[in-house]
Amino acid sequence: MNIQTPIVGSTGSTLWSASATPKTLMDPDSVGVELGVKFRTDSDGSICGIRFYKGGSRNSGTHLGRLWKSDGTLLAQATFSAESAAGWQQVGFAQPVEVTAGVVYVASYYAPNGGYSADNGYFTSAGVDRAPLHALKTGVSGGNGVYPVSYTHLRAHETIALI
C-alpha cells in the first residue's frame, strides 16, 4: 500500500511524490488486509489525512485510512469516498492529529478485497528520507511495511502516505 507522507505542520511534507507509482499495481491477494508504514518526523506537527495508491478495480470496497501510535493505539480514522478508478486516493481526518518529533507512528489503510499496490522488499535495504518525514528501514523500529502477524509479505513498500 502506498501510504503517502503526512503533512507535518504547515510544510505540506510527504514521503512519496504525487507521480510515484508502485511496481506491483494490484497484488493477487483477495483477502481483506490492513497495510501500513512506520514513520517519524523531525519536528512536531500534525497529520491531516492519508493517501494510498490504488492500482485498479481489484482494490475495491470501502477503504479506511488510519493513524496509529506504534504501540497500536488508534489516533484517527477516516473513510475514503469518491475514489477514482486508479491512482492516489486521499482522505482527511475530522481533526488534524498532533505528532511529536522522533516518535514512531504507523499510517495504514484497510483494503477489504486485497488487490493493493506494493513494492515487495522495499524497506529491507533502506528507508525513505524526505525531511521532516522518514519512513523507517526494517530493523530501525522492528519491521516496516506493516501487516498483521499472519501475513507473509513483510517489508513491502505499501503505497500509503500521509497528508
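Structural data are supplied above this passage.
Computed from a predicted structure; not experimentally measured.

Glancing now at the overall build of the chain. Summing up its helical and strand segments, the chain has zero helices and 11 strands in all. Counting from the amino terminus, helix and strand elements in the chain follow one another as β-β-β-β-β-β-β-β-β-β-β. In the chain, which comprises 163 residues, the share counted as buried stands at 50%. Long-range contacts, defined as pairs at least 24 residues apart, comprise 81% of the intrachain contacts of the chain with a sequence gap of at least 6. Entry remark: accessible area of the chain is about 6900 Å², with carbon and sulfur atoms responsible for 52%.

Per the counting criterion, the structure on display carries four aromatic pairs. With a centroid separation of 3.9 Å and 15° between ring planes, the pair formed by Phe 52 and Tyr 109 is classed as stacked. With a gap of 57 residues between them, Phe 52 in strand S3 (residues 45–54) and Tyr 109 in strand S7 (residues 105–111) connect regions that are remote in the sequence. Residue classification places Tyr 109 among the buried residues on the basis of a relative accessible area of 0%. The ring of Trp 88 has Arg 51 lying over it, and the distance from NZ or CZ to the ring centre is 4.3 Å.

Turning to unusual backbone geometry, a few remarks are in order. Phi is positive for Ala 82, which is not a glycine, with a value near 50°. Within the element layout of this structure, Ala 82 appears in the loop between strand S5 (74–79) and strand S6 (87–99). Judged by relative accessible area, Ala 82 falls into the exposed class, the value being 81%.

With eight of its nine residues buried, strand S2 (residues 33–41) lies for the most part within the structure. Direction of pairing for S2 relative to strand S10 (residues 133–135): antiparallel, over a ladder of three bridges. Across the sheet, residue Thr 41 finds its bridge partner in S10, namely Leu 133.

Its place among the elements puts His 134 in strand S10. Accessibility expressed as a relative area gives 15% for His 134, which makes it buried. In this structure the side chain of His 134 is engaged in a polar contact, spanning 2.8 Å, whose partner is the side chain of Asp 42.

For side chains bearing opposite charge, pairing can occur when the charged atoms are close. For the coordinates displayed, the defined rule picks out two salt bridges. Arg 66 serves as the salt-bridge partner of Glu 34, at 2.3 Å between the closest nitrogen and oxygen. In this pair, Glu 34 sits in strand S2 while Arg 66 sits in strand S4 (residues 64–69), placing the two residues 32 residues apart along the sequence. When sorted by exposure, Glu 34 lands in the same class as Arg 66, which is buried. When the shortest N-O distance is used, the salt bridge between Lys 54 and Glu 83 registers 3.0 Å. Remark: Glu 83 occurs in the loop between S5 and S6 and Lys 54 occurs in strand S3; sequence separation between them is 29 residues. The exposure class assigned to Lys 54 is buried, which follows from its relative accessible area of 10%.

Cut-off values and rules
- Residues numbered from 1 in each chain as written.
- Predicted model: local features only at pLDDT ≥ 70, side-chain atom pairs only at ≥ 80, totals over all residues.
- Heavy atoms only, no water.
- Helix = DSSP H or I, 4+ residues; strand = E, 2+ residues; numbered from the N terminus.
- Buried < 20%, exposed > 50% of the residue type's maximum accessible area, 1.4 Å probe, protein only.
- Contact = heavy atoms within 4.5 Å.
- Areas by Shrake-Rupley, 256 points an atom, 1.4 Å probe, with all protein chains shown as cover.
- Phe/Tyr/Trp six-rings, centres within 6.5 Å; stacked < 30°, edge-to-face > 60°.
- Lys NZ or Arg CZ within 6 Å of the ring centre and 35° of its normal.
- Pairing = 2+ DSSP bridges.
- Polar contact = N/O pair within 3.5 Å; in protein donor to acceptor, adjacent residues only side chain to side chain.
- Salt bridge = Lys/Arg side-chain N within 4 Å of Asp/Glu carboxyl O.

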